[in-house]
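A structural walkthrough
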Amino acid sequence: QEYTAIKAEVVEWSPSAKAVIESKAAGRKVFLVAATLRPETMYGQTNCFVGPSLKYGIFAVNDKEAYLCTYRAARNMAFQGITSQRGEIIQLTEIEGSKIIGTKIKAPFSINPEVYVLPMDNVLPTKGTGVVTSVPSDSPDDFQTLMDLRKKAEYYKIDPSWAALDPVPLISTPAYGDLIAPAVVKQLKIQSQKDTKQLAEAKDIAYKEGFYNGTMLVGEFKGQSVQEAKPKVRASMIEQGLAFAYAEPEGLVISRSA
Ligand code: ZZB
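What counts, and at which threshold
- The residue count restarts for each chain, going from 1 along the sequence in the order it is written.
- Per-residue local features of the predicted model are confined to residues with pLDDT of at least 70, and side-chain atom pairs are confined, for both listing and counting, to 80 or more; whole-chain, interface and lining totals are unaffected and use all residues.
- By convention in this description, side-chain values take in all heavy atoms of the structure and omit both hydrogens and water.
- For the purposes of this entry, the term helix denotes a DSSP run of H or I that reaches at least four residues, the term strand denotes a run of E that reaches at least two, and both are numbered from the N terminus.
- Residue count minus one, scaled by 1.5 Å, sets the expected span of a helix.
- Only protein chains enter the accessibility calculation, which uses a 1.4 Å probe. A residue is then buried if its area is under 20% of the maximum for its type, exposed if over 50%, and partly exposed in between.
- An arc is given here, and it is the one of the directions from the helix axis to the C-beta atoms.
- Pairs of residues are marked as contacts when any of their non-hydrogen atoms sit within 4.5 Å.
- Here, a salt bridge means any side-chain nitrogen of Lys or Arg that lies within 4 Å of a carboxyl oxygen of Asp or Glu.

Moving on, we come to helix α7 (residues 226–239). The α-helix winds at 3.6 residues per turn, so residues separated by three or four positions along the chain end up facing the same way. Compared with the 20 Å implied by 1.5 Å per residue over 14 residues, the 20 Å span of α7 between its first and last C-alpha is a close match. Where α7 is concerned, the buried positions are Val226, Ala229, Lys230, Val233, Ser236 and Met237. All buried residues of α7 project into a common sector of 145° when viewed along the axis, lining one side. On the buried face of α7, the contacting elements are β1 (2–12), β10 (171–172), α6 (196–213), β11 (215–216) and β12 (243–247). Positive phi appears at Gly241, one or two residues downstream of α7, with a value of about 75°.

Written as structure tokens, this is what we have:
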């Protein structure tokens, strides 16, 4: 699985993250790294998700930069030549997801240039980097989680202002209009992020609809089809140093038993 890894620079740590990280980064810029299959949707990032009970690390990339992601992702990156010493993992510190919530980050290419880190129950530790950038206009999981957080801000221990940015119309399709994810969530009568089965179906519909029938409403490739724009947005982000290619070595176990 070839992902685009998005580099979201930390603007201001949450107080609990600050306490853990202060001094550990040794002057390096720290980036939350989110793996996405939809680089063309980065214009519509409204927040970022971490799993509150997951463990993250901050890993040195070189003398100037460090990445926040799961240990598993850092190891993959080390073997993909992303860090300065191939195969070497330099962990500066460890931090629990719950402590990162409320951190303010830069969201590259987004119409909303700064967004907050919020909790999501369904973040898988075994996929991508464990950091998920949120595009509620086009991702049903992101939209439903954002709605849950707004409804129960106190329960999720967030400041309501962190979840205040609305979905941004990015992609238009004939069947679902300008906001695919809210439309599909409504169609399938999804009520909460706990409706994981319906959300998986919604994701499938939204992927296909966006990819095959979508037209870009914003950005450098406005007016082009999603199929055309996707590789161009990705190349542009990588060229500007805001993203890099990240591959998931899936199927290692499968190929062993095959
Ligand atoms: C932004 C985005 C915008 C995404 C969209 C999707 C959509 P897949 O197909 O199952 O591999 N993701 C990445 N890592 C994780 C994780 N550890 N746990 C849970 N979700 C994760 O899913 C890949 C997508 O799942 C990624 O692409 C990321 O969200 C999320 F408009 O990034 B995406 C219809 C989907 N639309």
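One pass over the full model with this rule turns up nine salt bridges. A salt bridge links Lys230 to Glu40; the nearest nitrogen and oxygen atoms lie 3.4 Å apart. Here Lys230, found in helix α7, pairs with Glu40, found in the loop between β2 (29–36) and β3 (47–50); they are 190 residues apart in sequence, far enough to count as distant. Both residues of the pair, Lys230 and Glu40, count as buried. Asp204 is the salt-bridge partner of Lys208, the closest N and O atoms lying 3.0 Å from each other. Here the residue Lys208 and the residue Asp204 both occupy positions in helix α6, the gap between them amounting to four residues, near one helical turn. The class of Asp204 is partly exposed, set by a relative accessible area of 39%.

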